Amino acid sequence: MKKPRLRALVLAAGHGSRLQPLTAFIPKPLLPVRGTAAVAHTIDQLVALGCEGIAINLFHRGEQIRKGLGESRDGVSLTYSIEKEFRGTLGALAPLRDILGRGEMILIVNGDSLCRWPLRSLLRRHRRSRADATLLVSRRIDPEPFGGGVEVADHKSVVGLRPARTLDSENPRRVFMGAHVLSPALLDKVPAEGAADFVADLYEPLLAAGGSIAARETSRKWHDLGTPERYRRAVLDWGSRRSWQSMDATVAAGSNVRGSVIEAGAAVQNESRVSASVVLANARIGTGSRVVESIIGPGVDLPPHTTVQRRMVTPVRADAPTSDNASVVGGLVYEPI
């Protein structure tokens with residue numbers, strides 16, 4: 001079978017509001033996952049898939065993200081669409097219509113998800129189904145925390161996208177994982193101006209008009225990085241929960257690091273214990289400290305003999321919003337996670 005021309009769009013325009021105050025220091029797409037920016041893990045998979053063009057839409061701190069990712073990845077050029085006003089998931093396609101339309105299939109992937117995507121099988125499912133679009137859905141994740149999921153009939157077709165409208169259905173509900181394939185003809189349905197949403201402004205009208213949306217079910221591990229706890233779990237799970245330490249990090253011989261990730265420039269000093277935690281770039285864990293199931297933000301200087309349990313710790317900064325449940329001690333913000 002002839003290999004199709006493939007174009008991709010990575011959606012990376014979100015504010016990362018639920019990850020505040022961490023995203024005041026690092027934009028969500030650049031949050032590190034074992035030494036590599038979260039969104040770059042997805043971009044690398046698109047490159048390996050053979051995408052001939054990869055676009056990335058940006059809004060919040062767009063130029064910083066562009067600088068962090070560069071203009072190409074392993075020889076494949078990256079096209080950036082920096083939005084002056086937030087355009088939403090579907091509206092993001094409008095400025096990229098000409099670029100994306102050159103492909104025989106258009107692959108859309110959320111930049112704030114982490115997965116070893118089964119992209120080849122997703123594309124095969126789309127080609128064989130001849131559907132207008134094909135969604136990657138999870139059969140292992142509970143749909144309730146994700147709004148009830150989408151309704152899938154016979155393990156192959158999406159027949160409902162709003163839980164309230166299909167409460168009496170016996171079809172299973174699946175979690176949409178943020179990866180989907182579009183036929184280029186659907187670009188004609190993208191509004192030229194303003195914000196628009198895939199579900200409300202494309203997929204629901206498409207089903208109502210008799211169009212078809214296929215489903216590709218998978219049991220692959222998938223993480224939505226939308227909250228501190230989900231980010232922590234994703235980073236640890238990416239390597240089967242084994243500890244990982246950057247070559248540019250320092251862990252003292254007298255310390256104990258278990259099931260944790262220590263990013264570049266970070267230091268764990270003597271007699272400290274770190275377990276099930278993420279220590280970000282240039283942070284320092286003071287002597288005799290104990291860090292459990294936590295995130296230590298970039299540049300944090302944790303005082304000696306400090307205990308941190310299920311907290312995200314960042315420096316105090318005027319432009320870094322905190323919650324009502326946060327505590328501030330010694331120039332550091334301790335957010336519950």
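Below is a short write-up of the structure. (Residues numbered from 1 in each chain as written. Predicted model: local features only at pLDDT ≥ 70, side-chain atom pairs only at ≥ 80, totals over all residues. Heavy atoms only, no water.)

Comments concerning the pattern of salt bridges
- Under the counting rule described, the total for this entry stands at 15 salt bridges.
- In this structure, Arg 174 and Glu 217 form a salt bridge, with 2.9 Å as the shortest nitrogen-oxygen distance. Of this pair, Arg 174 sits in strand 12 (residues 173-182) while Glu 217 is found in strand 13 (residues 213-218), placing the two residues 43 residues apart along the sequence. Neither residue differs from the other here; Arg 174 and Glu 217 are each classed as buried.
- For the salt bridge of Arg 310 with Glu 293, the shortest nitrogen-to-oxygen distance reads 3.1 Å. Here Arg 310 is found in the loop between strand 26 (307-309) and strand 27 (311-315), whereas its partner Glu 293 is found in the loop between strand 23 (290-292) and strand 24 (295-296), with 17 residues between them in sequence.
- Classification of Glu 293 as partly exposed rests on a relative accessible area of 29%. (Salt bridge = Lys/Arg side-chain N within 4 Å of Asp/Glu carboxyl O. Helix = DSSP H or I, 4+ residues; strand = E, 2+ residues; numbered from the N terminus. Buried < 20%, exposed > 50% of the residue type's maximum accessible area, 1.4 Å probe, protein only.)

Side note on the environment of Gly 331
- Within the secondary structure, Gly 331 sits in the loop between strand 28 (327-329) and strand 29 (332-336).
- The partly exposed category is assigned to Gly 331, whose relative accessible area is 42%.
- Excluding residues within four positions of it along the chain, Gly 331 makes contact with Thr 314, Pro 315 and Val 316. (Contact = heavy atoms within 4.5 Å.)

Regarding the packing of aromatic side chains
- On inspection of all chains with the given rule, the structure shows 3 aromatic pairs.
- Residues Phe 59 and Phe 86 carry aromatic rings whose centres are separated by 5.8 Å and whose planes lie at 55 degrees to one another, so their mutual orientation is tilted. Taken as a pair, Phe 59 in the loop between strand 4 (53-58) and helix 2 (62-69) and Phe 86 in the loop between strand 6 (76-82) and helix 3 (88-91) lie far apart in primary sequence, 27 residues in all.
- Given the relative accessible area of 23%, Phe 59 is considered partly exposed.
- If you follow Arg 116 out to its NZ or CZ, it ends over the ring of Trp 238, 3.8 Å from the centre. (Phe/Tyr/Trp six-rings, centres within 6.5 Å; stacked < 30°, edge-to-face > 60°. Lys NZ or Arg CZ within 6 Å of the ring centre and 35° of its normal.)

Considering helix 2
- Every buried residue belonging to helix 2 is among Gly 62, Ile 65 and Leu 69, and all of these are buried. Along the long axis of helix 2, the arc covered by the buried residues comes to 65 degrees, so they all point the same way. Exposed side of helix 2, more than 90 degrees from the buried face: Glu 63, Lys 67 and Gly 68 are the residues found there.
- Looking at the buried residues of helix 2, the elements they touch are helix 1 (38-49), strand 4, strand 5 (72-73) and strand 6.
- Just past helix 2, the residue Gly 70 takes up positive phi, approximately 85 degrees. (Arc of directions from axis to C-beta.)

Some thoughts on the layout of surface pockets
- Each pocket or cavity is described by its volume, and for the largest pocket that value is around 970 Å³.
- Forming the boundary of the largest pocket are 36 residues, of which Thr 89, Asn 110, Asp 112, Phe 176 and Gly 178 lie nearest the centre.
- Where the lining of the largest pocket is concerned, the elements lending two or more residues are helix 3, strand 12, helix 6 (198-208) and strand 14 (222-224).
- No other element matches the 5 residues that strand 12 contributes to the lining of the largest pocket.
- Per-class residue counts for the lining of the largest pocket are 18 nonpolar, 11 polar and 7 charged.
- What the second largest pocket holds in volume is close to 280 Å³.
- In terms of lining residues, the second largest pocket is bounded by 12 residues, among which Trp 222, His 223, Asp 224, Arg 230 and Arg 233 are the most central. (1 Å grid on protein atoms, 1.4 Å probe; cavity = no way out; pocket = protein on both sides within 12 Å on 5 of 7 lines; lining within 4 Å. Points joined across faces, edges and corners; volume = space filled by probe spheres on them. Nonpolar A, V, L, I, M, F, W, Y, C, P; charged D, E, K, R; others polar.)

Considering the state of the cysteines
- Evaluation of the coordinates by the stated rule reveals 0 disulfides.
- With no disulfide of its own, Cys 51 lies closest to Cys 115 among cysteine sulfurs, the gap being 15 Å.
- Since its relative accessible area comes to 1%, Cys 115 is described here as buried. (Disulfide = S-S within 2.5 Å.)

With respect to the nonpolar core
- Grouped together as the largest cluster of nonpolar side chains are 56 residues, with contacts concentrated most on Leu 69, Leu 107 and Tyr 231.
- Considering each element in turn, this core owes the most residues, 7 residues, to helix 1.
- Those residues within four positions of Leu 107 in sequence are excluded, and the remaining contacts are Leu 6, Arg 7, Ala 8, Leu 9, Leu 46, Leu 49, Leu 119, Leu 122, His 180 and Val 181.
- Counting 29 residues, the second-largest nonpolar core is a separate cluster that includes Ala 92, Ile 106, Leu 186 and Ile 213. (Core = buried A, V, L, I, M, F, W, Y, C linked by side-chain atoms within 4.5 Å.)

So, the sheet that holds strand 21 (residues 278-279)
- In spatial order, the strands read 15-18-21-24-27-29-28; together these 7 strands make up an open sheet with mixed pairing. Looking at which strands have only one partner, the edges of the open sheet turn out to be strand 15 (244-245) and strand 28.
- In the sheet, strand 27 pairs with strand 29 via 5 bridges, with the strands oriented antiparallel. Across the sheet, Arg 311 pairs through a bridge with Pro 336, a residue of strand 29. (Pairing = 2+ DSSP bridges.)

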